[in-house]
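Descriptive structure summary
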Amino acid sequence: MMQEHTPSEKILERVGSLRWTAGHDFHDELVESLYTDAARIADRAVTRKGERGRFDMDRTIDRLVTSRWLGFPLMLLMLTIVFWLTIEGANYPSAMLATLLVDTIRPLFHSGATAIGLPWWLSGLLIDGIYLAMAWVISVMLPPMAIFFPLFTLLEDFGYLPRVAFNLDGLFRRAGAHGKQALTMAMGFGCNAAAIVSTRVIDSPRERLIAIITNNFALCNGRWPTQILVATIFIGGLAPAHLAGLVSAAAVVSVAVLGIVLTFVVSWALSRTVLKGEASAFSLELPPYRPPQILRTIYTSVIDRTLIVLWRAVVFAIPAGAVIWLASNIQVADLSLAEHFINFTGPFGAVVGLNGVILLAYVIAIPANEIVIPTILMLTVLTARLSGAGDGAGVMFEPDSLEANAEVLRAGGWTLLTALNLMLFSLVHNPCSTTIYTIYRETKSAKWTTVASLLPVVMGFVMCFVVAQVWRLFS
Amino acid sequence: MTAEQTAPPKAAAGSACEACPAHHAANLIRLGVNMANWDFVVALAGNPNTGKTTVFNHLTGLRQHTGNWPGKTVVRAEGGFAYGGDRYKLVDLPGTYSLLSTSDDEEVARDFILFGSPDVTIVVVDATVLERNLNLVLQVLEITDRAIVCLNLMDEVQRRGMAVDERRLARDLGVPVVPTVARKNEGIPELLQAVADVAFGRIVCKPHRISSPPGLKDALGGLTDEVAAAFPGLPNARWVALRLLEGDPRIAEAVRSGEIADLGRHLSTRSAFATNSLAQEAGQ
């Protein structure tokens, strides 16, 4: 070696020889003296009294909520209570908002439009398409969100979610996935797109992909209203009135639990086939229970979550409202575009226990799941040619009472099977376009984005098909 | 010492201090995401779930959602505030238990404290489990000598009938220790004052350095001298030597490319700047 050495090279060379001679215990020795120092300094600074009541309280709660036998039932109970409060509490304000936005303000717009002489197609597009879609989204979504999000955030701040993760960790591990997937799944109950960003907490790319692909099975807030509404109309309707709320809540919880089960099944299948590998270990700290700051929580969850989600829904409802109105008012060969699509896909829909209206609604609602129910109701009115329920093609009619909604859907040929399959399909179908884009941004892979988008649609159709066949076999 | 002797943080921050300029709320201007032309960069480090994000929100006026679960902050968040006329950029690092192993979030935190060369690093610690939190504090103190320990969750310390002697801790660690209850905004004014003091060099820290493991003493000593000679001005030559001995590829690369040298230079220009501003202040 005749070459002149720079100081850096000399240092690195020295390091090489030192590492060679000094053994392999650097890391352990260093960690040991680190811990010794930390313990000594902490010991000098901290004094304790005997009293440890608070701490024991934490331990007692932990023993209950993470116990082998009570952990899961308590989790289900907690979820059911949250949904029950949401369903019971949202009915009345929803009806009030609908009365205000649809029955009071819309006629004002119409008379205004007539007064300034807008052509019928423009006032139709603006008021009966765009405005009505917005009005609907606000009245259907705002009340449940304003109740559900603060409740969920309170549970989160209290420290309950890490306990849920603790309960589910073993199951995820057995499914070959990362235990932290329980946390990202919990975030998916709010918003799948946000949850997919949060999978960054998972280090291993293999386990992260599993978490991303299966996140869609966590019902997001765009889909809760669909579940809640359909469950209230069709399943709550089966029970006596005083139990209806509880039965509907139980139905929604069952769908949510089915989503969790599917998460495990699909994670397991993926980790046994295309994403093989060992589950990596991690340590999960159970944080102390902290009394949530109730007012602050309500404030941030209303501002940060409810309004943002609502705003997104409204933004997507505007073009969707226009598309719905146009599709049902542009006539080709005596039928509107919407009717062509519905008639064309109807037979396929029937095979899987759905109908053409639902399929069209899911195409229109790709940008945002939030508008599925409004679209379905509107299209049903249109194709069933109901009189009195709406005024004109493509008009989202007033959602002021559940009974009216139920009548519309029954007139559109809906049965309990249709409702059940809609709930299933709402759980298992392609993610919304925002989520798909987020998946692409996070994975940088067209292949995995396609898998994550198409896998659930295929699974959804298969599930609905099987349910429909079994149902028809027994009825 | 009995518990009565240790004043609760609120009382400590009480009447006697009211007169001090730190308490003028107007001194803190929350800049949210508007952080152009900052004078100082402040990093927020700490174990998961100790209240870093709460401190971050208090200082910047932003409303990052804080969650009671570890690992809530996945990416680093940035915000700004102005205090006493100077603009600070605050960087909220992901919560980690250590800077030794190389998971992604630990690397983000480590790289920022090292290569982002923050003017001040605040380590937020959960005072109820001090020992575990000190592991991280000691590691941060190996890297930088411009650090402050924010002793958070002091209300829980009291509720558990414990007491933490922050003066003793400050003496042992060699850096300012500020007791806080971040969620109630207690101690935040004192924290800001400490940040300004360290940023301007009014407080010079003499951070505790981890005792050299006996088996390593000679090897480490020699190598440290060599690193210090090759890169004058480097604030953490011994730590660099330690990482090299451990075979940290990132640090070896930084030594090979000379990136390490920039570190020393960068900091010395910063402190020159701080000294200038200090001189200006004195002149006014």
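All figures in this text were calculated on a predicted structure; none of them were measured in a lab.

1. What to know about the overall build of chain B
Each helix and strand counted, chain B has 12 helices and 8 strands in total. Counting over 284 residues, chain B shows a buried share of 57%. Residue pairs at least 24 apart in sequence account for 70% of intrachain contacts in chain B once pairs closer than 6 positions are excluded. Carbon and sulfur atoms provide 53% of the accessible area of chain B, an area that totals close to 11000 Å².

2. Some points on the overall build of chain A
Scanning chain A from N- to C-terminus turns up 19 helices and 3 strands. For chain A, the proportion of its 475 residues judged to be buried stands at 51%. Of all intrachain contacts in chain A linking residues separated by at least 6 positions in sequence, the fraction that spans at least 24 positions is 78%. For chain A, the exposed area adds up to about 21600 Å²; of that, 69% sits on carbon and sulfur atoms.

3. Thoughts on the environment of Ile260 of chain A
Residue and element names in this part refer to chain A. In this fold, Ile260 is placed in helix 11 (residues 241–272). Here the alpha-carbon distance between Ile260 and Leu219, two residues 41 residues apart in the chain, equals 9.2 Å. Every residue in contact with Ile260, bar those within four places of it in the chain, is listed here: Met185, Phe189 and Phe217.

4. Brief notes about a nonpolar patch on the surface
Residues and elements named next belong to chain A. Taken together, the side chains of Val351, Val458, Val462, Phe465, Val466, Val470, Leu473 and Phe474 define a hydrophobic patch exposed on the protein surface, amounting to about 780 Å² of accessible area. Considering every element that reaches the nonpolar patch, the biggest residue donor is helix 19 (residues 446–474), with 7 residues. Examined against the element boundaries, Val466 turns out to sit in helix 19. Its relative accessible area of 44% is what places Val466 among the partly exposed residues.

5. Things to note about the pairing of strand 2 (residues 40–46) of chain B
Residue and element names in this part refer to chain B. Among the 7 residues in strand 2, 7 count as buried, and that is most of the element. Side-chain alternation along strand 2 places Phe40, Val42, Leu44 and Gly46 on one buried face and Val41, Ala43 and Ala45 on a second face that is also buried. Examined bridge by bridge, strand 2 and strand 4 (residues 86–92) share 5 bridges and lie parallel to one another. Across the sheet, residue Val42 finds its bridge partner in strand 4, namely Leu90. In this sheet, strand 5 (residues 120–126) lies alongside strand 2 in parallel orientation, the contact comprising 5 bridges. Within strand 5, the residue paired with Gly46 across the bridge is Val124.

6. Structural notes on the confidence of the model for chain B
All names here are of chain B. Residues at a pLDDT of 70 or more form 75% of chain B, whose mean pLDDT is 77. In the predicted structure, residues 1–19 sits below a pLDDT of 50 and forms 16 contacts with residues beyond four places in sequence or in another chain. Below a pLDDT of 50 lies the segment residues 68–72, which in the model reaches 26 contacts outside its immediate sequence neighbourhood of four places, other chains included. The ipTM assigned to the predicted complex is 0.78, against a pTM of 0.59.

7. Examining the pattern of salt bridges
Residue and element names in this part refer to chain B. One pass over the full model with this rule turns up 19 salt bridges over all chains. The shortest N-O distance in the salt bridge between Lys184 and Asp155 comes to 3.5 Å. With Lys184 in the loop between strand 8 (177–179) and helix 8 (188–199) and Asp155 in helix 6 (residues 154–159), this pair connects stretches of sequence that are 29 residues apart. Given the relative accessible area of 47%, Lys184 is considered partly exposed. Look at the salt bridges and you will find they share partners, linking Arg110, Asp111, Arg243, Asp248 and Arg250 into a network.

8. So, the packing of aromatic side chains
The final tally for this structure, using the stated rule, is 10 aromatic pairs over all chains. Measuring from centroid to centroid gives 4.6 Å for Phe172 of chain A and Phe264 of chain A, while their planes differ by 55 degrees, and the two rings are tilted. Here Phe172 of chain A, found in helix 6 (residues 160–174), pairs with Phe264 of chain A, found in helix 11; they are 92 residues apart in sequence, far enough to count as distant. You'll find Phe172 of chain A and Phe264 of chain A in the same group, each marked buried. Directly above the aromatic system of Trp38 of chain B lies the positively charged group of Lys89 of chain B, at a separation of 4.1 Å from the ring centroid.

9. Description of helix 3 (residues 52–60) of chain B
Residue and element names in this part refer to chain B. Across the 9 residues that make up helix 3, a large majority, 8, are buried. Every buried residue of helix 3 is listed here: Lys52, Thr53, Val55, Phe56, Asn57, His58, Leu59 and Thr60. Positive backbone phi, at 75 degrees, marks Gly61, one or two positions downstream of helix 3.

10. Focus on the interface of chain A and chain B
Residue-level contacts link 56 residues of chain A with 64 residues of chain B. In total, chain A and chain B occlude about 5800 Å² of area from one another, counting both sides; carbon and sulfur atoms represent 59% of this. Remark: the boundary between chain A and chain B carries 2 salt bridges. In this structure, Arg44 of chain A and Asp172 of chain B form a salt bridge, with 2.7 Å as the shortest nitrogen-oxygen distance.

11. Examining the sheet that holds strand 4 of chain B
All names here are of chain B. Reading across the sheet, the 7 strands line up as 1-3-4-2-5-6-8 and stay open at both edges, with mixed pairing between neighbours. Two strands in the sheet have a free side with no partner beyond their single neighbour: strand 1 (28–32) and strand 8. Averaged over neighbouring strand pairs, the angle between their axes works out to 25 degrees when direction is ignored.

12. A few points about the packing of helix 10 (residues 224–235) of chain A against helix 17 (residues 416–427) of chain A
Residues and elements named next belong to chain A. Contact geometry for helix 10 and helix 17: axes closest at 10 Å, N-to-C directions at 165 degrees. Taken together, the axes of helix 10 and helix 17 are roughly antiparallel relative to one another. Of the two possible hands of crossing, helix 10 and helix 17 adopt the one that is left-handed. Where helix 10 abuts helix 17, its residues Thr226, Gln227, Val230, Ala231, Phe234 and Ile235 lie against Leu416, Ala419, Leu422, Met423, Ser426 and Leu427. Classifying every residue of the contact of helix 10 with helix 17 gives 9 nonpolar, 3 polar and no charged.

13. Quick notes on unusual backbone geometry
Notably, Lys444 of chain A is not glycine yet its phi reads approximately 55 degrees, a positive angle. One can find Lys444 of chain A in the loop between helix 18 (433–443) and helix 19. We classify Lys444 of chain A as exposed; its relative accessible area is 63%. Phi is positive for Leu153 of chain B, close to 65 degrees, though the residue is something other than glycine. Here Leu153 of chain B lies in the loop between strand 6 (147–152) and helix 6.

14. Some remarks on the packing of helix 13 (residues 337–351) of chain A against helix 19 of chain A
Residues and elements named next belong to chain A. Orientation of helix 13 relative to helix 19, taken along the N-to-C sense of each, is 65 degrees, at an axis distance of 8 Å. Taken together, the axes of helix 13 and helix 19 lie roughly perpendicular to each other. For the pair helix 13 and helix 19, contact is made by Phe348, Ala350 and Val351 and by Phe461, Phe465, Ala468, Gln469 and Arg472, respectively. Of the residues belonging to the contact of helix 13 with helix 19, the class tally is 6 nonpolar, 1 polar and 1 charged.

Cut-offs and rules
- Positions within a chain are numbered from 1, following the residues in the order the chain's sequence is written.
- Written order determines the labels here, with chains lettered from A and ligands numbered from 1.
- Note on the predicted model: pLDDT of at least 70 is required for a residue's local features to be given, and 80 or more for side-chain atom pairs to be given and counted; whole-chain, interface and lining totals, by contrast, use all residues.
- The basis for every side-chain value is the complete set of heavy atoms in the structure, and neither hydrogens nor water enter the calculation.
- Working definition: helices are DSSP H or I runs of at least four residues, strands are E runs of at least two. Numbering for both runs from the N terminus.
- Three exposure classes are used, based on accessible area relative to the maximum for each residue type with a 1.4 Å probe and protein chains only: buried under 20%, partly exposed in between, and exposed over 50%.
- What makes two residues a contact is simply this: any of their non-hydrogen atoms within 4.5 Å.
- For the area figures, the Shrake-Rupley method with a 1.4 Å probe applies, and any residue is considered shielded solely by the protein chains shown.
- To count toward a patch, a residue needs a relative accessible area above 30% and no salt bridge. Like charges then connect within 9 Å, nonpolar side chains (Val, Leu, Ile, Met, Phe, Trp, Tyr) within 5 Å.
- Every case where a carboxyl oxygen of Asp or Glu lies within 4 Å of a side-chain nitrogen of Lys or Arg is listed as a salt bridge.
- Paired strands, as defined in this entry, are two strands with at least two bridges between them according to DSSP.
- pLDDT expresses how confident the predictor is about each individual residue, on a scale running from 0 to 100.
- By convention, a stacked pair of Phe, Tyr or Trp rings (six-membered ring in the case of Trp) has centres within 6.5 Å and planes under 30 degrees apart, an edge-to-face pair has planes over 60 apart, and any other such pair is tilted.
- Only when the NZ of Lys or the CZ of Arg is both within 6 Å of the ring centre and within 35 degrees of the ring normal is a charge said to sit over the ring.
- Summed over both partners, the accessible surface that disappears when two parts come together, traced with a 1.4 Å probe, is what is meant by buried area.
- Interaxial angles span 0 to 180 degrees and are taken between N-to-C directions of axes, which are lines fitted to C-alpha atoms, for helices over the stretch in contact.
- The cut-offs work like this: below 35 degrees is roughly parallel, past 145 is roughly antiparallel, 65 to 115 is roughly perpendicular, and the gaps in between are oblique.
- Working rule for handedness: look at the near helix, and if it is turned counterclockwise from the far one by less than a right angle, call the crossing left-handed; if clockwise, right-handed.
- When residues are sorted by character, Ala, Val, Leu, Ile, Met, Phe, Trp, Tyr, Cys and Pro go into the nonpolar class, Asp, Glu, Lys and Arg into the charged class, and all the rest, Gly among them, into the polar class.

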